Amino acid sequence: MTTERHTWIAFLRAINLGATRKFPKQAIAAAVVRAGGTNVETYINTGNVRFDHPVGDRAEMEAILEEAFAADRFFEVPTICITPAELKVIANDAAAVGEGHEGRQFVFLCKDHSDPSSREALVARAGEGERVYVIGRAVHLLTESFQQTKITNAVVERHISTSTNRNLNVIRTLADKWA
């Protein structure tokens, strides 16, 4: 039996958005522990959790967490897992694409990579004054107003895959803290 542990950072989608999808960070941490995670840490109440686990396959880890979260909450919680090294790359990419941008910046973290035609279609959906960059499993959005953007989770999911977004500050903070 292996004792190797892999460090994961999981981003949960669509929690704490209303009365019926509550999932406090303490409950998230407890569910991760029940799913075999150790050294569990959470950051703010938007579904960001870092932990160690014997499973090293990303898709398998996502499935384990999604099953544990559904058992705990009685609703589906789509989950995107990345490694600390991947988070560091995403944060560096965000800094590069956002250099000189004065508006808001968001990163959509996707379960899967996109194909070239999907990337092109998503980039073409950007509204006036918006810029979209798809790099690996991350979609970087530069905009003036997130409330008025044409690039939403639904649009990213239509073109690429299940996703969740975080603002640039959260991505930077987590990269500094966990990567």
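Residues numbered from 1 in each chain as written. Predicted model: local features only at pLDDT ≥ 70, side-chain atom pairs only at ≥ 80, totals over all residues. Heavy atoms only, no water.

## Quick notes on the overall build of the chain
Scanning the chain from N- to C-terminus turns up six helices and eight strands. Taking 16 Å as the expected radius of gyration for a compact globule of 179 residues, we find that the chain reaches 16 Å, a close match to that expectation. Overall, the C-alpha framework of the chain stretches about 50 × 35 × 30 Å when taken along its three principal axes. Across the 179 residues that make up the chain, the buried fraction comes to 47%. The long-range fraction of contacts in the chain, counting pairs at least 24 apart against all pairs at least 6 apart in sequence, stands at 68%. If you sum the accessible surface of the chain, you get close to 8,900 Å²; carbon and sulfur atoms cover 49% of it. (Helix = DSSP H or I, 4+ residues; strand = E, 2+ residues; numbered from the N terminus. Rg over C-alpha atoms; globule rule 2.2 N^0.38 Å. Buried < 20%, exposed > 50% of the residue type's maximum accessible area, 1.4 Å probe, protein only. Contact = heavy atoms within 4.5 Å. Areas by Shrake-Rupley, 256 points an atom, 1.4 Å probe, with all protein chains shown as cover.)

## Topic: the packing of aromatic side chains
By the definition in use, this model includes two aromatic pairs. Centroid distance phenylalanine 23 to phenylalanine 69: 5.4 Å. Interplanar angle 80°. Geometry classified as edge-to-face. You can see phenylalanine 23 sitting in the loop between strand S1 (6-12) and helix H1 (25-34) and its partner phenylalanine 69 sitting in helix H2 (residues 58-73), a full 46 residues away along the chain. In this pair, the class of phenylalanine 23 matches that of phenylalanine 69, namely buried. (Phe/Tyr/Trp six-rings, centres within 6.5 Å; stacked < 30°, edge-to-face > 60°.)

## A look at the pattern of salt bridges
Per the stated rule, a full pass over the model turns up eight salt bridges. With its nearest N and O atoms 2.7 Å apart, the salt bridge here joins glutamate 157 to arginine 13. Here glutamate 157, found in helix H5 (residues 153-159), pairs with arginine 13, found in the loop between S1 and H1; they are 144 residues apart in sequence, far enough to count as distant. Residue class for arginine 13 comes out buried when judged on its relative accessible area of 18%. Residue arginine 58 pairs with glutamate 62 through a salt bridge whose shortest N-O separation is 3.1 Å. Of this pair, arginine 58 and glutamate 62 both sit in helix H2, four residues apart, which is roughly one turn of the helix. (Salt bridge = Lys/Arg side-chain N within 4 Å of Asp/Glu carboxyl O.)

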